[in-house]
Amino acid sequence: MDTVQTSDERTYAERELLRMLEEAEENVRAGCIAPMENTFSALRDSLLQRKQQ
């Protein structure tokens, strides 16, 4: 019975991974991504502005 449960858990994990990959591909196609450097720069600027207030 443990083997079946492990197999079911693996199947669930694989399906979840595929769902996340499909969602990520949709985001890329829709242009909902930005370079990491830009994201961190914007975050850094936001934090510095808060600190100055």
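Below, the structure is looked at part by part. These numbers were taken from a predicted model, which means no experiment stands behind them. (Residues numbered from 1 in each chain as written. Predicted model: local features only at pLDDT ≥ 70, side-chain atom pairs only at ≥ 80, totals over all residues. Heavy atoms only, no water.)

**Examining the overall build of the protein**
For the protein, the count of helices and strands is 2 helices and 0 strands. By the compact-globule yardstick of 10 Å for 53 residues, the protein is too spread out, its C-alpha radius of gyration being 20 Å. With 53 residues in all, the protein has 0% of them scored as buried. In the structure as shown, the protein presents an accessible area of about 5400 Å², 55% of it carried by carbon and sulfur atoms. (Helix = DSSP H or I, 4+ residues; strand = E, 2+ residues; numbered from the N terminus. Rg over C-alpha atoms; globule rule 2.2 N^0.38 Å. Buried < 20%, exposed > 50% of the residue type's maximum accessible area, 1.4 Å probe, protein only. Areas by Shrake-Rupley, 256 points an atom, 1.4 Å probe, with all protein chains shown as cover.)

**Topic: the pattern of salt bridges**
The full count for this structure, using the stated rule, is 4 salt bridges. Close ionic contact of Glu14 with Arg10 constitutes a salt bridge, the shortest N to O distance being 3.0 Å. With Glu14 and Arg10 both in helix H1 (residues 2-29), this residue pair falls 4 residues apart, about one helical turn. The partly exposed category is assigned to Glu14, whose relative accessible area is 39%. Residue Arg10 is classed as exposed on the basis of its relative accessible area of 59%. Among the ionic contacts, a cluster of salt bridges with common partners joins Glu16, Arg19 and Glu23. (Salt bridge = Lys/Arg side-chain N within 4 Å of Asp/Glu carboxyl O.)

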